[in-house]
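Residue-level listing of the chains:
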Amino acid sequence: MKRTLAIMLALVMVLAMFACTGSKKPEASQELAGEYSILVWTGEAAVDLTKQQIENFNNTNEYGIKFVATVNPVSEATSADQMLQDVSAGADLYCFAQDQFARLVQGGALNKLGTESANVVKAANDAGVVAAATSGDTMYAYPLTSDNGYFMYYDKTVIPEEDVDSLEKLIADCEAANKYFAFETNTSAWYLASWFFATGCTSEWTTDDAGKFISVKDTFDSPEGLIAVKGMKKLVDSPFALSSSSAGEFASGAAIVVTGTWAYEEILGYLGDNMGVTDLPSFEVDGKEYHLGSFNGCKLMGVKPQDDAHRLAALHLLAQYLTDEDRQMERFDALSWGPSNLNAQKSEKVQSNPGLAALLKQNEYSIPQGQIHGSWWDIAKVIADDVKAATDEAGLQAALDNYYGKINALFNMSEDELNAWSAIGAIGGTNWDTDFAMTKVEEGVFETEAMELHAGEEFKVRQGASWDVNYGKDGVAGGDNCVVEADGTYRIHFEEATGLITLVPAE
């Protein structure tokens, strides 16, 4: 009985060990000594560096831990889809974009941090990233980067430096030079939100500890929201407004492109010494100026739940190591990834990087991108089209009312609606803004009504009118878009068990 109790106490110490932050090596660390074969997923660019960092951990850790790691290139944008297909077969450690966090918590693919460990991580990293890694009061992931935001690149031969703070002057400069102002307001809710954040609006979603969305505090439909769309209309009504965030627009007649750090090298190639980089401008409504806001996103590292408590504790130690200040600076030096660690953000090297410096400057006006319902992106992105179509203030208000009604409806969806499958894409004259209902033709098999499709059109199948669960080409969850190969009248056919999507010619 005494031996059983001793083993149980040792196990408790092991589980708590990775939360320890003192310099003294815990006595229970000997329990972790040994070799562990693990699978790690990270972005392709970071594979070699991650291998080296794991080897450095093996050579320097005080616990006698050695990881034999297979490090595979898996995009942070699609890693959640792969994990949720079969968590047991997924990576032990994996990197993912923060907008996938709620799905991973709900799918049981993330092991939570210990209380002390979470407190250390919270103190070391910026608040936006910490919020993105937290569901309810529980932290489920380690901050990896804080560089998924946007700001303004411009052509100095067209845009005078003294105009960069004024939206109205920037629009006038572009129109005078017959150059485009590329800001993805009409096709992306991520960018469109800038206008509302400028006037103090919020869209804050609450999840429970299981990652389920339970409420939203959204103030877009408000007097402040009306000010936001008045400012938005100044740009979307311009004949030189372009809804795009592509760096390539500089090769196609743009003088301004709002995008992020990932575009820095490409834009430098187009503009060279004529490249300007700064935060977003302000717009004016009724004599008052409002600085455009932005989302501030990030990448996170997760630990998959494990049956072996020793292995789990060792993995948490490795995750904490791979996301600490020194490792974040190594990724900055090698890959120009923006750190989430507060000390790293303040370093001279980070501050002297033009793209990251502009991002950090814009972050003063940014909103941390927390957990957002998967349907929101489609609901919000149509606001700009409604604003452009509006001819008076009543039309602008109607655009906000339409949006608010759809937001509220999300929490009134029936179980059948949440489980329903639909097709969405650039099909039937729509542009990824309309769901085509699918009906069950037999158990686990669904089809749309017959519709006319054209070669080159793209689409996917999703559940609950949300991007949380979606399938694309070859039945891959979250995969590439399906592409129509030939003109015709088809039913879109979907098999739930395999995810396979086919086009069935209509009789």
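Residues numbered from 1 in each chain as written. Predicted model: local features only at pLDDT ≥ 70, side-chain atom pairs only at ≥ 80, totals over all residues. Heavy atoms only, no water.

**Observations concerning the environment of threonine 115**
Right, on to step 1. Position of threonine 115 relative to the elements: it lies in helix α5 (residues 115-124).
Right, on to step 2. Through-space distance from the C-alpha of threonine 115 to that of methionine 139 is 8.5 Å; in sequence the pair is 24 residues apart. (Helix = DSSP H or I, 4+ residues; strand = E, 2+ residues; numbered from the N terminus.)

**Thoughts on the pattern of salt bridges**
Right, on to step 1. Within this structure, the stated rule accounts for 15 salt bridges.
Right, on to step 2. For the salt bridge of arginine 311 with aspartate 92, the shortest nitrogen-to-oxygen distance reads 3.2 Å. Separated by 219 residues along the polypeptide, arginine 311 in helix α11 (residues 309-322) and aspartate 92 in the loop between α3 (79-85) and β3 (93-97) bring together distant segments of the chain.
Right, on to step 3. Taking the relative accessible area as the measure of exposure, aspartate 92 reaches 7% and is therefore buried.
Right, on to step 4. One connected set of salt bridges, linked through shared partners, spans Asp324, Asp326, Arg327 and Glu330. (Salt bridge = Lys/Arg side-chain N within 4 Å of Asp/Glu carboxyl O. Buried < 20%, exposed > 50% of the residue type's maximum accessible area, 1.4 Å probe, protein only.)

**Here's the deal with unusual backbone geometry**
Right, on to step 1. Phi is positive for alanine 465, close to 50°, though the residue is something other than glycine.
Right, on to step 2. Among the structural elements, alanine 465 can be located in the loop between β23 (458-463) and β24 (470-471).
Right, on to step 3. Located in the positive-phi region is aspartate 474, a residue other than glycine, with phi close to 60°.
Right, on to step 4. Mapped onto the elements, aspartate 474 comes out in the loop between β24 and β25 (482-483).

**Here we look at the layout of surface pockets**
Right, on to step 1. For the largest pocket, the calculated volume is near 1400 Å³.
Right, on to step 2. Lining the largest pocket are 44 residues; nearest its centre among them are Ala77, Ala97, Asp99, Asn148 and Trp190.
Right, on to step 3. In the lining of the largest pocket, the residues fall into 15 nonpolar, 17 polar and 12 charged.
Right, on to step 4. Estimates place the volume of the second largest pocket at around 760 Å³.
Right, on to step 5. For the second largest pocket, the lining is made up of 24 residues, of which Gln106, Leu418, Gln463, Asp468 and Val469 are closest to its centre. (1 Å grid on protein atoms, 1.4 Å probe; cavity = no way out; pocket = protein on both sides within 12 Å on 5 of 7 lines; lining within 4 Å. Points joined across faces, edges and corners; volume = space filled by probe spheres on them. Nonpolar A, V, L, I, M, F, W, Y, C, P; charged D, E, K, R; others polar.)

**Side note on the packing of aromatic side chains**
Right, on to step 1. Tallying each qualifying case throughout the model produces 27 aromatic pairs.
Right, on to step 2. Consider the rings of phenylalanine 183 and tryptophan 195, whose centres lie 5.7 Å apart with planes at 25°: the pair is stacked. Here phenylalanine 183, found in the loop between β8 (180-182) and α8 (189-198), pairs with tryptophan 195, found in helix α8; they are 12 residues apart in sequence, far enough to count as distant.
Right, on to step 3. Taken together, a centroid distance of 5.1 Å and an interplanar angle of 85° make the contact between phenylalanine 197 and phenylalanine 295 edge-to-face. Taken together, the positions of phenylalanine 197 in helix α8 and phenylalanine 295 in strand β16 (residues 294-303) put the pair 98 residues apart, joining distant regions of the chain. Just as phenylalanine 197 is buried, phenylalanine 295 falls in that class too.
Right, on to step 4. In this arrangement the basic side chain of arginine 327 is found over the ring face of tyrosine 321, its NZ or CZ atom lying 3.9 Å from the centre.
Right, on to step 5. Its end group placed over the ring of tryptophan 467, arginine 462 keeps NZ or CZ at 4.6 Å from the ring centre. (Phe/Tyr/Trp six-rings, centres within 6.5 Å; stacked < 30°, edge-to-face > 60°. Lys NZ or Arg CZ within 6 Å of the ring centre and 35° of its normal.)

**Some points on the side chain of threonine 259**
Right, on to step 1. Residue position: threonine 259 is located in strand β12 (residues 254-259).
Right, on to step 2. A relative accessible area of 0% places threonine 259 in the buried class.
Right, on to step 3. Of note is the side chain of threonine 259, whose polar atom sits 3.2 Å from the side chain of tryptophan 262. (Polar contact = N/O pair within 3.5 Å; in protein donor to acceptor, adjacent residues only side chain to side chain.)

**Notes on the packing of helix α2 (residues 47-60) against α11**
Right, on to step 1. Where α2 contacts α11, the axes come no closer than 10 Å and their chain directions differ by 120°. The interaxial crossing formed by α2 with α11 has right-handed handedness. For the pair α2 and α11, contact is made by Gln53, Ile54, Asn56, Phe57 and Thr60 and by Leu317, Leu318, Tyr321 and Leu322, respectively.
Right, on to step 2. A class-by-class count of the residues in the contact of α2 with α11 yields 6 nonpolar, 3 polar and no charged. (Axes fitted to C-alpha atoms, helices over the stretch in contact; angles between N-to-C directions. Left-handed = near helix turned anticlockwise from the far one by under 90°. Contact = heavy atoms within 4.5 Å.)

**What about the state of the cysteines?**
Right, on to step 1. Counted under the stated rule, the structure contains 0 disulfides.
Right, on to step 2. Unpaired in this structure, cysteine 95 has its nearest cysteine sulfur neighbour in cysteine 298, at a distance of 12 Å. (Disulfide = S-S within 2.5 Å.)

**Some remarks on the nonpolar core**
Right, on to step 1. In this structure, Phe181, Phe196 and Trp376 are the most contacted members of the largest nonpolar core, which totals 56 residues.
Right, on to step 2. Considering each element in turn, this core owes the most residues, 9 residues, to α8.
Right, on to step 3. Setting aside anything within four residues of it in sequence, one finds phenylalanine 181 in contact with Leu167, Leu170, Ile171, Cys174, Leu235, Phe240, Ala241, Leu242, Ile256 and Val258.
Right, on to step 4. Formed by 52 residues, the second largest nonpolar core is a distinct cluster that contains Tyr94, Phe101, Val121 and Val129. (Core = buried A, V, L, I, M, F, W, Y, C linked by side-chain atoms within 4.5 Å.)

**Thoughts on the pairing of strand β7 (residues 151-155)**
Right, on to step 1. β7 sits mainly inside the fold: 5 of its 5 residues count as buried.
Right, on to step 2. Sheet analysis places β7 next to β12, joined by 4 bridges and oriented antiparallel. Bridged to tyrosine 154 within β12 is isoleucine 256.
Right, on to step 3. In this structure, β7 lies alongside strand β13 (residues 275-278), joined through 4 bridges in antiparallel fashion. For methionine 152, the partnering residue across the bridge sits in β13 and is threonine 278. (Pairing = 2+ DSSP bridges.)

**What to know about the confidence of the model for the protein**
Right, on to step 1. For the protein, per-residue confidence averages 90 on the pLDDT scale, and 94% of positions sit at 70 or higher.
Right, on to step 2. Below a pLDDT of 50 lies the segment residues 1-28, which in the model reaches 34 contacts outside its immediate sequence neighbourhood of four places, other chains included. (pLDDT = per-residue confidence, 0-100.)

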